[in-house]
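This is what each chain is made of:
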Amino acid sequence: MFHFKKKKRSYAGLWIILVAAIVLELTACIQYVFSRAGIRAEAEQRARSELCRAELEINVVTAQMEAAVQMLAMLAEKHVDSPDSIAEATRALVSTLKSVRSAGIAYTADYFPQQGHWFEVCSSRETMDGKTIVYTRQIGNQNHDYLQTEWFANGMTIDSCWWSEPYYDDSGARAMVVSCSYPIRNAKGEKVAVALVDLSLEYLKTVSDYLQVYKDSYYSIVSSKGLDIVAHPDTIEGKKYHIFDEEIDATGWHISVIIPDDVIFADLKRISLIVMLLMLAGLAILAFIVYRAGRDMLRLVDSTAANERMENELNIARSIQMAMVPKVFPPFPDRLDLDIYGMVNPAKEVGGDLYDFYLRTDKLFFCIGDVSGKGVPAALVMATIRSLFRSIAAQEEGPAAIMGRMNDTLSEQNGQNMFVTLFLGILDMHTGRLDYCNAGHNAPVLQGRKLEVVPNLPLGIMQGYVYQAQTTQLEYNQLLFLYTDGLTEAENDSQHQYGEERMLNVLQGIANNRPRNVVETLQADVEAFVGDAQQSDDLTMMAIRYQIPAIVFRNDIQQIPTLSEWIEGLNLPKELDMPVNLALEEAVSNVMLYAYPENRNGQVLVEFARTSDQAGEKIVFTISDTGIPFDPTQKEEVDITLSSEQRAIGGLGIHLVRKLMDEMEYKREGNKNVLTLIKNL
Amino acid sequence: MMITKIEEKENRLIAFFAGRLDTAAAVQTTEDVKPLLQVSDKEIVLDCTDLAYISSSGLRIFLSIRKEAATKGNRVIVRNINADIRQVFMMTGFISLFEIE
């Protein structure tokens, strides 16, 4: 059975982990696919927007160049024949516009005869030792034959701006540049010179930095003829990539952004890896939990089946109930004037019976009750009642006042609409006066007769109800018997109830009315009546005997048997039962035989006390009578070694008293013989 | 409550004591054991299996039976005494006066 369960458990665990793994894997896949599409779209979007921005920037730069070259041409046309002014114009332009690396004006051959065959005025920006300086000079000569350059030829023929391919300008800008040229006319409208501005590719590169969309992506600006203007980095071979490009209208350049797939998806890959690791860790934790939970569940299934849990709950209720009622008897070993015994026999389905008692200033406060309902709620109400009894009885004196306050508190808190029948009594140990109040409980039995009770409401029904108390007198050695309906309503197999009549009969038939004996006799009788039927309600009984720790005998040896009952009530250690019985019997019968000869009328009083000194605890019996002086201690010791023929019939009694007790002392006090017997405990 | 029952079996007279043999009960028991004192040629068995308690009055009855039997040369056997009674027998030397079974 166990093995089977274990197997089933491990398969179930495996299934849980498998399903979890599949679900997680599917989620991850879907997430990856959607993320990939999203990331691709985002990359495109980003590339396009950066491209647009770069295009705009480059357009600004090229438009600036074109404006600059046209402005230069315009200025040059005004002072076409004044080389100094023209030089000044180029210098001003280079100084003003950062994007312009150099600017120049190149004249047709032999325009200024005194200047020679070539004349080109050029200003260029150069950086030396961290300082930017603009140089202006005439750079046309046979080594720099600008008349042969493409920009001059096109500048002289085309009536608009013309952009060159990138080239290295060795004399003017001294850098990689692209140039924009524009023709200059004289007053007659003849083209006499070409204005030229150079855009440094380095500057263009700083403008194009936006195109670096990803750290590892590429971009390039290519001229209309396919020459690289700007490219970064150099090679993208052997990779899958995305190209995005735009054409610049003015110059015919192509701007491209090239993003390899692995760059676009690098983040996604990293995240996917982390997700996968987290998933694996999660699965491992899940597997561990499933394993542990499976084990715990097995334990749970094995140790506490459903009905066992029920049983547990009942056990809790039973524990509450049993913890609340006094169980140690005798409860007041030092009090010889009081004998109490009580018991609760809880039904299988626990109810809310209780009994309790305690002594305060020589008054015994006691109660017995029955909470309506069963199980834990009833047990809890019972616990409440018990603590209310203890706390309220500590302050109030009268039973009606205690009952009233208990009722008010309970009614106020009574969420469950439970009610409690309760009998509450206060016994004055000095006088035997019993004040009591009965809240709907079964009337107790005093010395075989039901106590008269007025019909007060049970507790918990009506707040503010005024309870009515009653009083009676207990005589010495009378027994007050209290019970719950678990006794009278106990049913046998044929659904007959035990009944009040049978209870009263049994109570009246009990000769030995020690509380413990009475309770146990009734318990045995009700058990015999019920037979095999299941006990349906709690069975609770309590008996109280108000007694005097002394016994009086008439001068009649037939009174002797009551001695053993009296001794039983003293609650002495069991091993003292026989020795005390025998010693007292011998002492008392000696008095009857010798102090009261010829059946004289007289009494023998036996008193009991407990004392203690340095030697320890001891019990003391004092036997007194008003007979003729008689000192048993003077009796001769019996020789127990003699044979039966030699031995006298008498004298054994006092011998036994000596043997059984530790001390024996006789005194004649007035008209009394007083014999003291002491036994060390 | 004390009950004494006497049975004759083979060559024995057996007295069964049940209850508490105290001073009060001894009055009746003294009457009940009279057949034991009158017998002349039989063994006497005092069966104490159900005897719970004995006081000196009871011991006196036992001793008188023992004395009477001794004069006739009869054996007296005390059977099945409980621990309490054995203690009393020890204290009074009765343990050596009777054959204890």
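Residues numbered from 1 in each chain as written. Chains lettered and ligands numbered in written order. Predicted model: local features only at pLDDT ≥ 70, side-chain atom pairs only at ≥ 80, totals over all residues.

A.B. asks: Sorry, what's going on with the overall build of chain B here?
C.D. replies: Check the secondary structure of chain B and you find 4 helices and 5 strands. In chain B, the order of α-helices and β-strands from amino to carboxyl end is β-β-α-α-β-α-β-α-β. Per-residue burial over chain B gives 43% buried out of 101 residues. The contacts in chain B between residues at least 6 apart in sequence include a share of 70% that link residues at least 24 apart. (Helix = DSSP H or I, 4+ residues; strand = E, 2+ residues; numbered from the N terminus. Buried ≥ 20, exposed ≤ 12 C-beta atoms within 10 Å, placed from the backbone. Contact = placed C-beta atoms within 7 Å.)

A.B. asks: Please clarify how the overall build of chain A should be interpreted in this entry.
C.D. replies: From N to C terminus, chain A includes 15 helices and 26 strands. Split into buried and exposed, the 681 residues of chain A put 35% on the buried side. Relative to all contacts within chain A whose residues are 6 or more apart in sequence, the contacts with residues 24 or more apart total 67%.

A.B. asks: Can you walk me through the interface of chain A and chain B in this structure?
C.D. replies: How large an interface is tends to be reported as the accessible area lost when its parts come together. Contact with chain A, which involves 21 residues of that partner, is made by 19 residues of chain B. Elements that contribute at least two residues to the side of chain A that touches chain B include exactly α14 (577–595) and α15 (652–660) of chain A. Here the side of chain A that touches chain B takes 6 residues from α14 of chain A, the largest share from any one element.

A.B. asks: I keep staring at the packing of α14 of chain A against α15 of chain A and nothing clicks. Help me out?
C.D. replies: In a pair of packed helices, the angle between the axes and the distance between the axes together describe the arrangement. Residues and elements named next belong to chain A. α15 packs onto α14 with a crossing angle of 140° between their chain directions and a minimal axis gap of 9 Å. Put simply, α14 runs oblique to α15. α14 and α15 meet at a crossing whose hand is left-handed. Contacts from P579, L582, A583, E586, A587, S589 and N590 in α14 reach G653, I654, L656, V657 and L660 in α15. (Axes fitted to C-alpha atoms, helices over the stretch in contact; angles between N-to-C directions. Parallel < 35°, antiparallel > 145°, perpendicular 65-115°, else oblique. Left-handed = near helix turned anticlockwise from the far one by under 90°.)

A.B. asks: How should the pairing of strand β25 (residues 663–669) of chain A be read in this particular structure?
C.D. replies: Regular strands show a simple pattern: their side chains alternate between the two faces of the sheet. All names here are of chain A. For β25, the buried fraction is low: 0 of the 7 residues fall into the buried class. Alignment of β25 against strand β26 (residues 672–680), held across 7 bridges, turns out to be antiparallel. Residue E669 lies in a different strand from β26, and its bridge partner there is K672. Here β25 hands over to β26 after 2 residues, with G670 in that stretch at a positive phi of 65°. (Pairing = 2+ DSSP bridges.)

A.B. asks: Quick question: what am I supposed to make of helix α3 (residues 56–72) of chain B here?
C.D. replies: Three or four residues apart is the spacing at which side chains of an α-helix point the same way, because the helix has 3.6 residues per turn. All names here are of chain B. Over its 17 residues, α3 extends 24 Å from the first C-alpha to the last, a length consistent with the 24 Å expected when each residue adds 1.5 Å. Of all the residues in α3, the buried ones are S56, S57, G58, L59, I61, F62, L63, I65, R66 and A69. Just past α3, the residue G73 takes up positive phi, approximately 75°. (Expected span 1.5 Å × (residues − 1).)

A.B. asks: How should I be thinking about the nonpolar core in this particular structure?
C.D. replies: The nonpolar side chains of a soluble globular protein tend to be buried, and buried together. Counting 65 residues, the largest nonpolar core has V420, F481, L487 and A543 of chain A as the members making the most contacts within it. A total of 8 residues in this core trace back to one element, the largest contributor, which is helix α8 (residues 375–393) of chain A. Excluding its chain neighbours within four sequence positions, the residues that come into contact with V420 of chain A are G369, D370, V371, V381, I385, L410, P458, L459 and G460 of chain A. Residues I557, M578 and I654 of chain A together with A15 of chain B belong to the second largest nonpolar core, which totals 62 residues. (Core = buried A, V, L, I, M, F, W, Y, C linked by C-beta atoms within 7 Å.)

A.B. asks: Explanation requested: the packing of helix α1 (residues 23–32) of chain B against α3 of chain B in the structure shown.
C.D. replies: Residues and elements named next belong to chain B. It is the contact of α1 with α3, at a shortest axis distance of 8 Å, that shows an interaxial angle of 25°. With respect to α3, the axis of α1 lies roughly parallel. On α3, the residues that touch T23, A26, T29 and T30 of α1 are S57, G58 and I61. For the contact of α1 with α3, the per-class residue count stands at 2 nonpolar, 5 polar and no charged. (Nonpolar A, V, L, I, M, F, W, Y, C, P; charged D, E, K, R; others polar.)

A.B. asks: Which parts of the structure should I look at to understand the sheet that holds strand β17 (residues 445–446) of chain A?
C.D. replies: Working definition: the strands of a sheet are paired by backbone hydrogen bonds and lie parallel or antiparallel to each other. Residue and element names in this part refer to chain A. Pairing in this open sheet of 5 strands is antiparallel, and the strands run β12-β21-β20-β17-β18 from one edge to the other. Whereas interior strands pair on both sides, the edge strands pair on one side only; in this sheet they are β12 (338–345) and β18 (449–450). Summarising the sheet, β17 and strand β20 (residues 478–483) pair through 2 bridges and their orientation is antiparallel. Residue pairing in the sheet places L446 in a bridge with L480 of β20.

A.B. asks: When you look at the sheet that holds β26 of chain A in this model, what are you seeing that I'm missing?
C.D. replies: Residue and element names in this part refer to chain A. The antiparallel open sheet is built from 5 strands, whose spatial order is β22-β23-β24-β26-β25. Only two strands of the sheet have a single neighbouring strand rather than two, namely β22 (550–554) and β25. Ignoring which end each strand starts from, the neighbouring axes of this sheet average 20° apart.

A.B. asks: Explain the confidence of the model for chain A here, please?
C.D. replies: Averaged over every residue, the pLDDT of chain A is 84; residues scoring 70 or more account for 94%. When the criterion is pLDDT under 50, residues 1–7 of chain A qualifies, and its contacts beyond four places in sequence or with other chains add up to 2 contacts. (pLDDT = per-residue confidence, 0-100.)

A.B. asks: Would you mind going over the confidence of the model for chain B with me for this structure?
C.D. replies: If pLDDT is low for a region, its predicted coordinates should not be looked at in detail. Mean pLDDT for chain B: 91, with 100% of residues reaching 70 or above. For this predicted complex, the interface confidence score (ipTM) comes to 0.91, while the overall pTM stands at 0.46.

A.B. asks: Got a minute to help me understand the environment of A103 of chain A in this structure?
C.D. replies: Residues and elements named next belong to chain A. Take A103: it is sitting in strand β1 (residues 100–107). Taking the C-alpha atoms as reference points, A103 and R125, 22 residues apart in sequence, are found 9.3 Å from one another. With sequence-adjacent residues up to four places away left out, A103 is seen in contact with L72, T90, L93, V94, S123, L196 and V197.

A.B. asks: Quick question: what am I supposed to make of α14 of chain A here?
C.D. replies: Helix length check: α14 of chain A (19 residues) gives 26 Å between terminal C-alpha atoms against 27 Å at 1.5 Å per residue, within 8%. Within α14 of chain A, 16 of the 19 residues are buried, which leaves it mostly tucked inside the rest of the structure.

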